[in-house]
Amino acid sequence: MAQYARGSAVAVIRLRNPPVNALSLAVLQALEDGLKKADADPSVKAVMICGENGKFSAGADIRGFSSPKRHGLGLGPIVSLIESCQKPVVAAIEGVALGGGLEVALGCHYRIAHVKARMGLPEVTIGLLPGAEGTQRLPRLIGVPAALDMITTGKHIPATEALKLGLVDEIVEENTIEAAIRLANKVIGQPLGPRRLSLKPVPKLPNMEAFLQEAAVKVKKQARGCLAPELCFQAVRAATETPFAQGVRRERELFQVLLSSGQARALQYAFFAERAVHRWATPTGASWSSAAPQPVRRAAVIGLGTMGRGIVTSLVKANIPVVALEQDLEYLNKGRKAVMLLLEREAVKMEGGAQSLDFHNPARLQFTVDFDLLHDVDLVIEAVFENMALKKEIFHKLSKICKPGALLCTNTSALNIDEIASATSRPQQVIGTHFFSPAHVMRLLEIIYGRHTSPTAIATAMQLAKALKKVGVVVGNCFGFVGNRMMFPYVEQAVFLLEEGSRPEAVDRVVEDFGFKIGPFRMSDLAGLDVGWRSRQGQGLTGPSLPAGTAARQRQGQRYSPLPDLLCEHGRFGQKTARGWYRYERAGGRTATPDPWLHSFLAQYRDTHGIKTRFIDQEEILERCLFSLINEGFAILAEGIASGPEHLDVIYVNGYGWPKHTGGPMFYASIVGLPRVLAKLQKYSEAHPDVPRLRPNAFLKKLVAAGNPPLKDWMSYVSRQSPKL
Ligand SMILES: CCCCCCCCCCCCC/C=C/C(=O)SCCNC(=O)CCNC(=O)[C@H](O)C(C)(C)COP(=O)(O)OP(=O)(O)OC[C@H]1O[C@@H](n2cnc3c(N)ncnc32)[C@H](O)[C@@H]1OP(=O)(O)O
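Residues numbered from 1 in each chain as written. Predicted model: local features only at pLDDT ≥ 70, side-chain atom pairs only at ≥ 80, totals over all residues. Heavy atoms only, no water.

A. The overall build of the protein, seen in detail. Broken down by element type, the protein carries 28 helices and 19 strands. In terms of overall size, the protein behaves like a compact globule, its C-alpha atoms giving a radius of gyration of 28 Å where 725 residues would be expected to give roughly 27 Å. In the protein, which comprises 725 residues, the proportion classed as buried is 55%. Restricting to contacts in the protein with at least 6 residues of sequence separation, those with at least 24 account for 72%. (Helix = DSSP H or I, 4+ residues; strand = E, 2+ residues; numbered from the N terminus. Rg over C-alpha atoms; globule rule 2.2 N^0.38 Å. Buried < 20%, exposed > 50% of the residue type's maximum accessible area, 1.4 Å probe, protein only. Contact = heavy atoms within 4.5 Å.)

B. Geometry of the pairing of strand 14 (residues 407-410). Every second residue of strand 14 is oriented toward a common face, with Leu407 and Cys409 on one face and Leu408 and Thr410 on the other, all of them buried. One crossover worth recording links strand 13 (residues 379-382) to the parallel strand 14 by way of helix 15 (residues 388-401), and it is right-handed. Pairing of strand 14 with strand 15 (residues 430-435) involves 3 bridges; the strand directions are parallel. Note that in strand 15 the partner of Thr410 across the bridge is Gly432. (Right-handed = clockwise from strand over helix to strand, strands pointing away. Pairing = 2+ DSSP bridges.)

C. Fine view of unusual backbone geometry. Residues Pro18 and Pro19 are joined by a peptide bond in cis, for which omega reads 5°. Structurally, Pro19 is set in the loop between strand 2 (10-15) and helix 1 (25-40). Of note, the amide linkage connecting Ser437 to Pro438 takes the cis form, showing an omega dihedral of -5°. Within the secondary structure layout, Pro438 lies in the loop between strand 15 and strand 16 (444-449). With a phi close to 55°, Asn21 is a non-glycine residue in the positive phi region. Here Asn21 is to be found in the loop between strand 2 and helix 1. If you check the backbone angles, Gln556 has positive phi at about 45° while not being a glycine. Of the residues examined, Gln556 reaches a relative accessible area of 72% and is grouped as exposed.

D. Focus on the site of the ligand. In the region of the ligand, 31 residues are neighbours, and Ala58, Ala60, Ile62, Gly100 and Arg275 sit closest. A distance of 2.7 Å separates an oxygen atom of the ligand from a polar atom in the backbone of Gly100. For the ligand, whose accessible area on its own is 1,300 Å², the fraction buried by protein is 80%. The set of elements that each furnish at least two residues to the shell around the ligand consists of helix 1, helix 3 (100-107) and helix 11 (262-276). Looking at the shell around the ligand, the element that brings in the most residues is helix 11, giving 3 residues. For the shell around the ligand, the residue count by class is 18 nonpolar, 7 polar and 6 charged. (Near = heavy atom within 4 Å. Polar contact = N/O pair within 3.5 Å; in protein donor to acceptor, adjacent residues only side chain to side chain. Areas by Shrake-Rupley, 256 points an atom, 1.4 Å probe, with all protein chains shown as cover. Nonpolar A, V, L, I, M, F, W, Y, C, P; charged D, E, K, R; others polar.)

E. Structural detail: helix 5 (residues 144-153). The element helix 5 is largely enclosed, with a buried count of 7 among its 10 residues. Among all positions of helix 5, only Val144, Ala146, Ala147, Leu148, Met150, Ile151 and Thr152 are buried. Backbone geometry just after helix 5 places Gly154 at a positive phi near 75°.

F. Geometry of the pattern of salt bridges. Inspection of the entire model under this criterion finds 39 salt bridges. Here Arg485 makes a salt bridge to Glu632, at a shortest N to O gap of 2.8 Å. A residue pair is termed long-range when its members are at least 10 positions apart, and Arg485 in helix 18 (residues 483-500) and Glu632 in helix 24 (residues 618-639) qualify at 147 residues. For Arg485, a relative accessible area of 9% corresponds to the buried category. Relative accessible area serves as the criterion here: at 14%, Glu632 is assigned to the buried category. Connected through shared salt-bridge partners, Glu499, Glu500, Arg553, Arg559, Arg614, Glu620 and Arg624 make up one network. (Salt bridge = Lys/Arg side-chain N within 4 Å of Asp/Glu carboxyl O.)

G. Quick peek at the domain arrangement of the protein. Domains assigned within the protein are domain 1 (2-260), domain 2 (299-475), domain 3 (502-545 + 552-609) and domain 4 (618-717). For domain 1 and domain 3, the distance between their C-alpha centroids amounts to 50 Å. (Domains from an automatic or database assignment.)

H. Examining the packing of aromatic side chains more closely. Within this structure, the stated rule accounts for 18 aromatic pairs. Here the aromatic rings of Phe514 and Phe516 are separated by 6.3 Å at their centres, their planes lie at 35°, and the arrangement is tilted. Summarising the burial analysis for this pair, Phe514 and Phe516 share the class buried. Grouping aromatic residues by their ring pairs yields a cluster made of Phe436, Tyr490, Phe514, Phe516, Tyr652, Tyr656, Trp658 and Tyr668. Over the face of the ring belonging to Phe272 we find Arg63, whose NZ or CZ atom lies 4.1 Å from the ring centre. Between the NZ or CZ atom of Arg559 and the centre of the ring of Phe496, over which it lies, the distance is 3.9 Å. (Phe/Tyr/Trp six-rings, centres within 6.5 Å; stacked < 30°, edge-to-face > 60°. Lys NZ or Arg CZ within 6 Å of the ring centre and 35° of its normal.)

I. Spatial organisation of the UniProt feature "domain: 3-hydroxyacyl-CoA dehydrogenase C-terminal" (unreviewed entry) in the protein. As recorded in UniProt, the sites labelled "domain: 3-hydroxyacyl-CoA dehydrogenase C-terminal" (unreviewed entry) are residues 480-584 and 621-709. Taken as a whole, residues 480-584 contains 51% helix and 4% strand, while its terminal C-alpha atoms sit 30 Å from one another. Measuring from the first to the last C-alpha atom of residues 621-709 gives 27 Å, for a span that is 67% helix and 0% strand. (UniProt positions renumbered as here; feature names shortened; annotations may be inferred.)

J. Representation of the packing of helix 24 against helix 26 (residues 665-672) in the model. It is at 10 Å that the axes of helix 24 and helix 26 come closest, and there the two elements cross at 110°. In terms of axis orientation, helix 24 runs roughly perpendicular to helix 26. Of helix 26, the residues touching helix 24 (which contributes Leu622, Leu626, Phe627, Leu629, Ile630, Gly633, Phe634 and Leu637) are Pro665, Met666, Tyr668, Ala669 and Val672. For the contact of helix 24 with helix 26, the residue count by class is 12 nonpolar, 1 polar and no charged. (Axes fitted to C-alpha atoms, helices over the stretch in contact; angles between N-to-C directions. Parallel < 35°, antiparallel > 145°, perpendicular 65-115°, else oblique.)

K. Up close: the state of the cysteines. In this structure the tally under the stated criterion is 0 disulfides. Cysteine Cys478 is unpaired, with the sulfur of Cys409 as its nearest cysteine sulfur at 19 Å. With no disulfide partner, Cys568 has as its closest neighbouring cysteine sulfur the one in Cys625, 19 Å distant. Taking relative accessible area as the criterion, Cys568 reaches 4% and is therefore assigned buried. (Disulfide = S-S within 2.5 Å.)

L. Focus on the sheet that holds strand 8 (residues 156-158). Pairing is mixed across the open sheet formed by 3 strands, whose spatial order is 5-7-8. Each edge of the sheet is formed by a strand with only one pairing partner; in this case those strands are strand 5 (96-98) and strand 8. Neighbour-to-neighbour, the strand axes of the sheet open up by a mean angle of 20°, direction not taken into account. Both strand 5 and strand 7 (residues 118-120) contribute to a ladder of 3 bridges, which runs parallel. The partner of Val96 across the bridge, within strand 7, is Arg118.

M. Region of interest: the environment of Asp649. Looking at the element boundaries, Asp649 is found in helix 25 (residues 645-655). Once the C-alpha coordinates of Asp649 and Leu28 are considered, the two residues, 621 residues apart in sequence, prove to be 33 Å apart. Residues contacting Asp649, with those up to four places away along its chain left out, are Tyr269, Gly663, Gly664, Pro665, Met666, Phe667 and Leu711.

N. Molecular detail of the packing of helix 26 against helix 27 (residues 674-687). Viewed as axis vectors pointing N to C, helix 26 and helix 27 meet at an angle of 95°, and their least axial separation amounts to 5 Å. Here helix 27 runs roughly perpendicular to helix 26, going by the angle between their axes. Here helix 26 contributes Ala669, Ser670 and Val672 to the contact with helix 27, which in turn contributes Leu674, Arg676 and Val677. Among the residues making up the contact of helix 26 with helix 27, the classes are represented as 4 nonpolar, 1 polar and 1 charged.

O. Region of interest: the sheet that holds strand 16. Here we have 8 strands laid out as an open sheet, ordered 12-11-10-13-14-15-16-17, and mixed in their pairing. Strands with a single pairing partner mark the edges of an open sheet, and in this sheet they are strand 12 (365-368) and strand 17 (471-475). The sheet shows a mean angle of 25° between the axes of neighbouring strands, direction not considered. Bridging between strand 13 and strand 14 involves 4 bridges; their strand directions are parallel. Considered in strand 14, the bridge of Val380 is made with Leu408. Strands in contact with helix 13 (residues 329-349) are strand 11 (322-325) and strand 12; relative to strand 12, the strand with the most contacts, it is inclined by about 160°.

Structure (structure tokens):
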């Protein structure tokens, strides 16, 4: 709701809908009533709009967009009503003014913000556009380039930047409400025409058309198939070409297109999924509601390779003092140099620069080769390479050196947490924290609990994720956990498709057209083919330990492709060797070019193994790659490794470049329809009976038999007697 109060000459309308004062129909109604009351009351000379509990408003109630009870676009006319008010209206912005919240403020004649407030039009991130006339008012206020940037990216900007852009008239460090009332009193009687944004022209640019054309190309490129940024752009373009009222009509048309699009539904699902995974639970009954985190005042990172460097950077950025440890001085110095470089780059991006990060201060960041310095840290993150024996040796040491309550985390992408914990005398404090590369950039943190991991340890790791501004997802312990386990069948299918007749660039193109940031082969070249090769050697799938006489394309009665191993045997490790599934301009180069050598190598390979090359269409490429991944997702849910499909989706969107506008693999499956996913898997499985990962999972079959229930009900069909944990 919105509360109306009148003190002296200024009426106060307070938006009230905890926790973020989202604009529900009730809030809008009360806002409209308040405005009309203030307008009609001759003793009221000005109006001030603010939000309850130090937050202006986070915008329209996102849950309302999918509500069947929603009636039309309620907000635009109310913003107009504010603007046309005959008495000055001042917005007092505290906390956040986002989306519809900022549009309300744009309707006001004056805006005053607290120095710590943040503003933005993030509708694009939930598949929409600022549909309450924001695409028409903002360019008039701050100019087209800045408005376009805010509207097409959805970024939140701090009050200081808002002041520079002219988005707010004033910022204050003290009481914003009092300052706004003072301002309201001061401007009583002043002409309002110049303050009405709808009456202002859009500021001209000398090269508007060229600017817009260039911006259109950039927006399209960044959108990667997502509709909202492009339609946001079109709405802003309308502001530059047509009068206000016509622009508003165009904005409404475009808003309706987006509102009824599947992408908006998917992105709004993704928004709530990200919040749902905060409320973690394990099959043993531990959960976020009963477990309290331990404070992390000081942390240590072991290993300063690619992952360790990123993790140290993340911790320093989160203001957590770090001890960074390497095995010897040579590695330490190399690691220190790399970390300092990363931190310097990060500092440039931050407002306070290097000073705000304070990483030259040894009390905040210390480099050492001395394990004993770890005796008083609250948390250790081991980030050495994936070798069980080495990890166990380190954890054994940690268990002896670290103080009793310290949390012992392992950054592993696949290894068994219980086995690592078995090397310690405190398995309840051992937990997996799987960071994604580059660790200071990627938002995902997969948090893996073992058989003995305590609820406190899970809560502490989740708290750490939050401090690092990452999204933590709690999952159970199995080979590859959730993310990589679902990735195995996807990559496997991609390679099988090459064996059967496709090419890396064809597979990548299909997957990238779907919206992935990078296809499986470009990804493999980027990560390095040798990583998987070492792992397969360790598993005895290839290399000297492979028993003589093993069929080239079979392992344990199942289909196996030796193609990636053969590439490694030719020294083709990907970008680092300038050759992999593609060729590159130089070692470390990033421009992938299709490689004729590889094409003839594939042809020769097929000849050698008697494989008849066939044309594989885009549909088959996409379905085999994605549906096999989704199939594994159902196995994970059935085994209780993750507590809901939202967890899998958040992992894939934030860690694996799955296009957010499709919601994530499980949401996508729900939209495609489980019966269709099942039928396709059945078809491909019959064609490839030696590929177990194409065999439809029993849980998927069960859901289809149960009538394809909505995603939110899936977990009620999991049989509780069979969790692995
Ligand atoms: C029947 C109802 C109909 C209603 C519709 C009528 C109005 C129609 C108007 C037409 C619209 C015109 C165009 C306008 C569109 C919009 O405004 S779209 C919304 C744009 N705003 C956003 O995208 C902001 C989203 N929120 C955030 O970014 C963050 O939540 C935050 C505000 C920055 C706070 O972050 P943090 O402190 O980290 O807390 P969170 O955990 O994220 O959030 C706390 C809880 O609040 C819930 N929540 C947040 N924002 C909204 C929202 N806009 N609507 C509904 N709920 C919201 C969030 O889900 C959390 O709750 P739980 O999920 O229960 O934990």
